[in-house]
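# Residue-level structure breakdown
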Amino acid sequence: MVDDDFSVIEILGEKIQNIEDFHKQIEEILNISPYYGRNINALEDVLCSFWQTTLVWHNSDLSKNRLGQDFHDVITVFDRIRKSHTDNGLSGAFTYILK
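Rules of the game
Residue positions are counted from 1 within each chain, in the order its sequence is given. The predicted origin of the model limits local features to residues at a pLDDT of at least 70 and limits the giving and counting of side-chain atom pairs to 80 or more, whereas totals for whole chains, interfaces and linings rest on all residues. Side-chain metrics rest on all non-hydrogen atoms present in the structure, leaving aside hydrogens and water. DSSP calls a pair of strands paired once it identifies at least 2 bridges connecting them. Counting from the N terminus, the helices are DSSP H or I runs at least four residues long and the strands are E runs at least two residues long. Here an angle of 0 to 180 degrees is reported between the N-to-C directions of two axes, which are lines fitted to C-alpha atoms, with helices fitted over the stretch in contact. We call two residues in contact whenever any of their non-hydrogen atoms come within 4.5 Å of each other. Stacked, edge-to-face and tilted are the three classes for Phe, Tyr and Trp ring pairs, Trp counted by its six-membered ring, which pair at centre distances within 6.5 Å; planes under 30 degrees apart are stacked, over 60 edge-to-face, the rest tilted. A simple rule labels every residue: compare its accessible area, found with a 1.4 Å probe on the protein chains alone, to the largest value its type can have, and call it buried under 20%, exposed over 50%, or partly exposed in between.

Attention shifts here to the sheet that holds strand E3 (residues 95–98). Strands belonging to one sheet form pairs held by backbone hydrogen bonds; the direction of such a pair is parallel or antiparallel. Taken in spatial order, the three strands of this open sheet run E1-E2-E3, and their pairing is parallel. Unpaired on one side and paired on the other, strand E1 (7–12) and E3 mark the two borders of the sheet. Going from strand to strand, the sheet's axes swing by 20 degrees on average, the running direction of each strand aside. The strands touched by helix H4 (residues 69–87) within the sheet are strand E2 (53–58) and E3, with E3 carrying the most contacts at an inclination of about 145 degrees.

Now the structure itself:
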């Protein structure tokens, strides 16, 4: 947490072998178990409420290689959330950084 109005979510790519590992990290980091469906639709539903948030994905190239199309699907969700927040005029829209 950076301050009261802005948060950072950090994903550790080296711990991701498959899409299930990614969803498990999201679930644990956001403390949303047992409500999180661990699928791409559930990810989008959850992240819609995370404005003023930056997701930092460490070792994203490693995850990209391991996840293949699933990685691209996740990034598509990130882009849709960011666009939705921006289009709706939310200050501090959801952003992400691939490291």
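Within this structure, the stated rule accounts for five aromatic pairs. Summarising the aromatic geometry, the rings of Trp 57 and Phe 78 are spaced 6.2 Å apart at their centres and angled 65 degrees between planes, so their arrangement reads as edge-to-face. Taken together, the positions of Trp 57 in strand E2 and Phe 78 in helix H4 put the pair 21 residues apart, joining distant regions of the chain. Summarising the burial analysis for this pair, Trp 57 and Phe 78 share the class buried. Measuring from ring centre to ring centre gives 5.2 Å for Phe 78 and Tyr 96, while their planes differ by 50 degrees; the resulting arrangement is tilted. One end of the pair, Phe 78, is in helix H4; the other, Tyr 96, is in strand E3, and 18 residues separate them in sequence. Residue classification places Phe 78 among the buried positions, given a relative accessible area of 0%. Owing to a relative accessible area of 16%, Tyr 96 belongs among the buried residues under this scheme. Site record: aromatic cluster; members linked through ring pairs are Phe 22, Trp 57, Phe 71, Phe 78, Phe 94 and Tyr 96.

Honestly, it's all geometry; don't read function into it.
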